[in-house]
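The primary structure of each chain is shown beneath.
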Amino acid sequence: MASMTTRSDNPASSRFPVGRQAFPHRDLTGIGRLQRHEILFLLAEAQQWVEFNRQSAKHGDLLTGLTVINAFFENSTRTLLSFEIAGKRLGADVVNMHAAQSSVKKGETLIDTAITLNAMRADAIVIRHGSSGATQLIADQVDCPVLNAGDGQHEHPTQALLDALALREALVARGQSADDFTGLTITICGDILHSRVARSNLLCLQALGATVRLCAPPALMPTGIEAMGAEVHHDFDAALKGADVVMMLRLQTERMSGQFIPSPREYHHLYGLTKRRLGYASGDALVMHPGPMNRGVEIDSDVADMIDRSIITRQVEMGVAIRMACLEVLTRARRGVKGWS
Ligand code: ASP
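Rules of the game
Residues numbered from 1 in each chain as written. Predicted model: local features only at pLDDT ≥ 70, side-chain atom pairs only at ≥ 80, totals over all residues. Heavy atoms only, no water. Axes fitted to C-alpha atoms, helices over the stretch in contact; angles between N-to-C directions. Helix = DSSP H or I, 4+ residues; strand = E, 2+ residues; numbered from the N terminus. Parallel < 35°, antiparallel > 145°, perpendicular 65-115°, else oblique. Left-handed = near helix turned anticlockwise from the far one by under 90°. Contact = heavy atoms within 4.5 Å. Nonpolar A, V, L, I, M, F, W, Y, C, P; charged D, E, K, R; others polar. Near = heavy atom within 4 Å. Polar contact = N/O pair within 3.5 Å; in protein donor to acceptor, adjacent residues only side chain to side chain. Areas by Shrake-Rupley, 256 points an atom, 1.4 Å probe, with all protein chains shown as cover. Salt bridge = Lys/Arg side-chain N within 4 Å of Asp/Glu carboxyl O. Buried < 20%, exposed > 50% of the residue type's maximum accessible area, 1.4 Å probe, protein only. Phe/Tyr/Trp six-rings, centres within 6.5 Å; stacked < 30°, edge-to-face > 60°. Core = buried A, V, L, I, M, F, W, Y, C linked by side-chain atoms within 4.5 Å. Pairing = 2+ DSSP bridges. Right-handed = clockwise from strand over helix to strand, strands pointing away. Expected span 1.5 Å × (residues − 1).

S.K.: So, the packing of helix α2 (residues 78-89) against helix α11 (residues 312-330): which residues are in play, and what are the values?
M.R.: Packing of α2 against α11 brings their axes to within 8 Å, and their N-to-C directions diverge by 55°. When the axes of α2 and α11 are compared, the pair comes out oblique. For the element pair α2 and α11, the recorded crossing hand is right-handed. Every residue of α11 that contacts α2 at R78, T79, S82, F83, I85, A86, G87 and R89 is listed here: G319, V320, R323, M324 and L327. Along the lines of polarity and charge, the residues of the contact of α2 with α11 split into six nonpolar, four polar and three charged.

S.K.: Let's hear about the site of the ligand: which residues, and what values?
M.R.: Contacts to the ligand come from R128, H156, R196, V197, R250, Q252, G291 and P292. Q252 is positioned such that a nitrogen or oxygen atom in its side chain is 2.7 Å from an oxygen atom of the ligand. G291 places a main-chain nitrogen or oxygen 3.1 Å from a nitrogen atom of the ligand. In the complex, the protein chains occlude 92% of the 260 Å² of accessible area that the ligand would expose alone. Of the residues belonging to the shell around the ligand, the class tally is two nonpolar, three polar and three charged.

S.K.: Break down the pattern of salt bridges for me, citing the residues and quoting the values.
M.R.: This model, assessed by the stated rule, comprises 17 salt bridges. Across the pair E84 and K88 runs a salt bridge, and its minimum N-O distance is 2.8 Å. With a gap of four residues between them, E84 and K88 both fall in helix α2, about one helical turn apart. By relative accessible area, which is 19% here, E84 ends up buried.

S.K.: Describe the packing of aromatic side chains, listing the residues and the values that go with them.
M.R.: Under the criterion given, the structure shown has four aromatic pairs. Ring centres of W49 and F52 lie 5.1 Å apart, and the angle between their planes is 85°; on these two criteria the pair is classed as edge-to-face. In this pair, W49 and F52 are both assigned in helix α1 (residues 36-53), three residues apart and thus about one turn of the helix distant. Summarising the burial analysis for this pair, W49 and F52 share the class buried.

S.K.: Give a detailed account of the nonpolar core, specifying residues and quantitative values.
M.R.: Grouped together as the largest cluster of nonpolar side chains are 101 residues, with contacts concentrated most on L167, I188, L273 and L327. Considering each element in turn, this core owes the most residues, 11 residues, to α11. Of all hydrophobic cores here, the second largest spans 17 residues; its members include M97, A114, A134 and I138.

S.K.: Tell me about the pairing of strand β1 (residues 67-72), and name the residues and values.
M.R.: A large share of β1 lies buried, amounting to five of its six residues. The sheet contact formed by β1 and strand β2 (residues 93-98) spans six bridges and is parallel. Note on β2: the bridge partner recorded for F72 is H98. In this view, the connection linking β1 to its parallel neighbour β2 by way of α2 has right-handed handedness. Relative to strand β3 (residues 124-129), β1 is paired through five bridges, and the arrangement is parallel. When the bridges of β3 are listed, V68 appears paired with A124.

S.K.: Account for the sheet that holds strand β5 (residues 185-189), naming residues and giving values.
M.R.: As summarised here, the arrangement of the five strands in space is β7-β6-β5-β8-β9, forming an open sheet in which the pairing is parallel. Among the strands making up the open sheet, the edge pair consists of β7 (231-233) and β9 (286-288). Between one strand axis and the next, the sheet turns by 20° as a mean value, whatever way the strands run. Relative to β7, strand β6 (residues 211-215) runs parallel, the two being bridged by three bridges. Looking across to β7, one finds that L214 is bridged to V232.

S.K.: Tell me what's going on with the side chain of S195, and back it up with residues and numbers.
M.R.: Tracing the chain through its elements places S195 in the loop between β5 and α6 (196-207). Looking at S195, the relative accessible area reads 4%, which means it is buried. Leaving out residues up to four positions away in the same chain, S195 has contacts with Q153, L249 and Q252.

S.K.: With reference to specific residues and values, describe α2.
M.R.: The terminal C-alpha atoms of α2, which comprises 12 residues, lie 16 Å apart, in line with the 16 Å expected from a rise of 1.5 Å per residue. Where α2 is concerned, the buried positions are T79, L80, S82, F83, E84, A86, G87 and R89.

Shown next, in the form of structure tokens:
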């Protein structure tokens with residue numbers, strides 16, 4: 001498997017249009033730009049990397065000779081690490097650029113930074129930035145694929161894809177459908193207002209057929225979000241009723257200007273996921289969290305660590321596979337893979 005040069009031996013390929021038609025985008029800037037079958041295509045591609053990553057030897061060569069730049073203008077632990085691991089497992093040369101070391105701190109505009117990155121002849125650029133839309137701005141300036149690793153409050157597409165992959169794996173383990181989330185009710189609770197994860201997940205989960213409930217204190221719920229088709233709740237107990245999956249989000253204090261909640265204690269009282277509260281959800285409801293977790297605020301440890309219900313560490317595992325799939329698929333044209341140029 002480590003020396004595969006095409007994905008034509010992928011058994012999932014027969015379920016999707018042939019070649020570039022399966023994923024006709026140069027960049028991955030948001031789930032909002034993807035069709036359902038394109039999401040399913042990326043999930044199917046990632047599946048083989050899940051298995052690849054579970055081997056003891058996991059060094060491939062599909063991206064040998066290619067340079068991937070991870071340009072992170074905001075802090076990150078798991079996303080940066082998993083993009084770095086993903087690129088390296090595919091054989092690419094991976095370079096990480098942290099904001100603290102970049103000329104942005106010296107006043108360079110985002111467009112000049114993009115032009116500079118482009119001049120380095122990167123083969124893929126992964127961007128995390130604090131401003132919504134920054135990834136698209138950079139994508140419009142460069143010649144190589146751009147992957148959004150989180151832009152402001154806008155989108156975090158690889159998080160939503162890895163969440164769908166983790167959820168799908170858990171459902172398959174229970175003998176349920178892999179590709180269709182129809183009939184599933186997923187409650188996302190937390191700081192919806194500032195969360196790009198909530199937005200990307202709403203789009204992704206709905207595209208796969210799920211019913212999504214969003215729950216937050218009124219001050220942390222974006223106005224008009226109902227227009228995106230979500231059920232909106234402010235009472236967490238009601239939002240949990242019969243839910244099949246509960247996805248908890250942290251309070252994104254770094255994005256808050258002013259006081260949005262009375263205190264973390266009060267917040268936990270009303271919106272923290274406790275074992276007792278999980279009892280309102282369906283009997284075998286799954287628990288998810290994109291991390292980083294604030295234990296004792298939005299989620300209690302005895303829920304986060306429930307072996308049979310929490311798939312939080314699986315989400316992290318799936319992150320590497322999804323990012324490998326995205327890097328591999330988006331560089332096919334550059335690598336001259338048949339049918340993708
Ligand atoms: N890691 C996710 C993000 O970058 C969630 C979070 O930070 O709370 O948006």
